[in-house]
Amino acid sequence: MSHARDAQPAAGSLRGARLPRWFPWAAAAGSVAAGLAVSAAAGLHSDIQWALIAAALFVLGSYAVSAKVEGPRQARDRTATSLVWVAFLLAVVPLASLAWETVEQGVKVLDGYFLSHSMGVVADSEPGGGIYHAILGTLEQVGLATLMSVPVGVLTAVYLVEYGRGRLARAVTFFVDVMTGIPSIVAGLFILSLWILILGMGYSGFAGSMALSILMIPVVVRSTEEMLKLVPNELREASLALGVPKWRTVLKVVLPTSIGGITTGVMLAVARITGETAPVLLLVWGTNFINANPFQDPQASLPMYIYLQYTNGSDAAYDRAWAAALTLIAFIMILNLLARGIARWKAPETGR
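What you see is a predicted model; the values in this text were computed from it and never measured.

The rules we used
- Residues numbered from 1 in each chain as written.
- Predicted model: local features only at pLDDT ≥ 70, side-chain atom pairs only at ≥ 80, totals over all residues.
- Heavy atoms only, no water.
- Phe/Tyr/Trp six-rings, centres within 6.5 Å; stacked < 30°, edge-to-face > 60°.
- Helix = DSSP H or I, 4+ residues; strand = E, 2+ residues; numbered from the N terminus.
- Axes fitted to C-alpha atoms, helices over the stretch in contact; angles between N-to-C directions.
- Parallel < 35°, antiparallel > 145°, perpendicular 65-115°, else oblique.
- Left-handed = near helix turned anticlockwise from the far one by under 90°.
- Contact = heavy atoms within 4.5 Å.
- Nonpolar A, V, L, I, M, F, W, Y, C, P; charged D, E, K, R; others polar.
- Domains from an automatic or database assignment.
- Buried area = accessible area lost by both parts, 1.4 Å probe.
- Salt bridge = Lys/Arg side-chain N within 4 Å of Asp/Glu carboxyl O.
- Polar contact = N/O pair within 3.5 Å; in protein donor to acceptor, adjacent residues only side chain to side chain.
- pLDDT = per-residue confidence, 0-100.
- Expected span 1.5 Å × (residues − 1).
- Bend = angle between axes of the 7 residues up to and from the residue.
- Buried < 20%, exposed > 50% of the residue type's maximum accessible area, 1.4 Å probe, protein only.

Visitor: What should I look at first to understand the packing of aromatic side chains in this one?
Guide: The way to describe two aromatic rings as a pair is by their centre distance and the angle between their planes. This model, assessed by the stated rule, comprises 6 aromatic pairs. With centroids separated by 5.6 Å and ring planes inclined at 65°, the aromatic side chains of Trp195 and Phe206 adopt a geometry described as edge-to-face. A residue pair is termed long-range when its members are at least 10 positions apart, and Trp195 in helix α8 (residues 184-198) and Phe206 in helix α9 (residues 205-229) qualify at 11 residues. With centroids separated by 4.4 Å and ring planes inclined at 25°, the aromatic side chains of Tyr203 and Trp285 adopt a geometry described as stacked. With Tyr203 in the loop between α8 and α9 and Trp285 in the loop between α12 (278-283) and α13 (302-312), the pair connects residues that are 82 residues apart, well separated along the chain.

Visitor: It is not clear to me how the packing of helix α6 (residues 132-163) against helix α7 (residues 166-180) should be interpreted in this structure. Could you clarify?
Guide: What describes two packed helices is the angle between their axes and the distance between those same axes. The contact between α6 and α7 brings their axes to 10 Å, and the two run at 135°. It follows that α6 is oblique to α7 by the angle criterion. Regarding α6 and α7, the two cross each other, and that crossing is left-handed. Residues Thr156, Tyr159 and Leu160 of α6 lie in contact with α7, whose contacting residues are Leu168, Ala169, Val172 and Thr173. Taken together, the residues of the contact of α6 with α7 break down into 5 nonpolar, 2 polar and no charged.

Visitor: Is there a simple way to think about the domain arrangement of the protein chain in this case?
Guide: In many reports, interface size means the accessible area that the parts give up when they come together. Taken as a whole, the protein chain is organised into domain 1 (2-9 + 16-106) and domain 2 (132-350). Between domain 1 and domain 2, the C-alpha centre-to-centre distance is 41 Å. Each partner contributes residues to the interface: domain 1 has 5 residues there, and domain 2 has 5 residues. Carbon and sulfur atoms supply 78% of the area buried between domain 1 and domain 2, which totals about 500 Å² over both sides. Broken down residue by residue, the surface that domain 1 buries against domain 2 is led by Thr102, Gln105 and Gly106, which jointly contribute 77%. Between domain 1 and domain 2 we count 0 salt bridges in total. Here domain 1 is connected to domain 2 by 0 residue pairs in polar contact (both at pLDDT 80 or more).

Visitor: Would you mind showing me how to read the confidence of the model for the protein chain here?
Guide: Note: predicted coordinates in regions of low pLDDT should not be interpreted at a detailed level. Residues of the protein chain with pLDDT of at least 70 account for 93%, and the chain-wide mean is 87. Between the elements of the protein chain, mean pLDDT differs from a low of 47, seen in helix α1 (residues 2-7), to a high of 94, seen in α6. For the stretch residues 1-7, pLDDT sits under 50, and the model shows 3 contacts to residues farther than four places along the chain or on other chains. Confidence drops under a pLDDT of 50 for residues 9-13, and excluding neighbours within four residues, the segment shows 3 contacts in the predicted structure.

Visitor: Please clarify how α9 should be interpreted in this entry.
Guide: Because the α-helix completes a turn every 3.6 residues, residues three or four places apart line up on one side. With 25 residues, α9 extends 36 Å between its outermost C-alpha atoms, agreeing within 8% with the 36 Å of an ideal straight helix rising 1.5 Å per residue. Along α9, the sharpest kink reaches roughly 30°, centred on Met216 and followed within four residues by the proline Pro218. Judged by how many residues are buried, α9 sits mostly within the fold: 20 of 25 residues are covered.

Listed below in structure tokens is the structure:
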């Protein structure tokens, strides 16, 4: 009776009844318990099934109770909030599960020896060996692709935003949009036909870098273009009013103002190409030995190493594949942290 009196609005009050703050947590706990009970009664053994049942019960139960106590308007608001939380969990839980599984499996053989040795004297089915040759190949291939892609992508974006008018600009924009959706295997086949079959060059890390640059350029162009559009026109106009040439305004005003976003976009492009396997499989192949020359002979890479170790099928190869996957994730995470640091360092000062 006391709870019922608490839910009723006070006399003369303009504020309607409200559910207590702990209600969402109680509803979530009850939904989980009900989902487990329904799953057990129906003989369902998948965690995904009971989780989906619990999510549906949480949304429907929150709406029903809120509509009864707070009214339809507040119930719709709670339903929207519940859907947002459910969508958030649906996105985070698989990601957290993947990260946990990778860390749990990858730490078994991940140590200094694993990072500093290659597979040159170890069979794939035997324990031991490492990924030094794959780390070296990935760094060189991604580095070469970045050196080729970033200047082209940034300059293309500058042209589209600052100078591009007419048919040429529309044509460039169209082809950038087309390149954004190109599958990685198509980029690999293009370089394979041009560089290896027509020009007669051999398989190498540089060939893979050219294919990776094709995938990287449209991402750099699009991200840089959006960052340049965010620069206020007042800054450009103030610079031009002082008699500064257009090219110097772009170089000294526009680019420094947007360097944080440009750097973040470049790092996202690097993260995308770092895990690509198809171009590497077609153009670089792979080797168990250390090859520090990306312009000659096949070269290893982390994605290719993971694929080869997983397809081997032995327990030792599985452990090495998980450890290499953990290393790849850590590499991408470090790149993102560096991007944030550079963006904060190069960001224009605010305030007086």
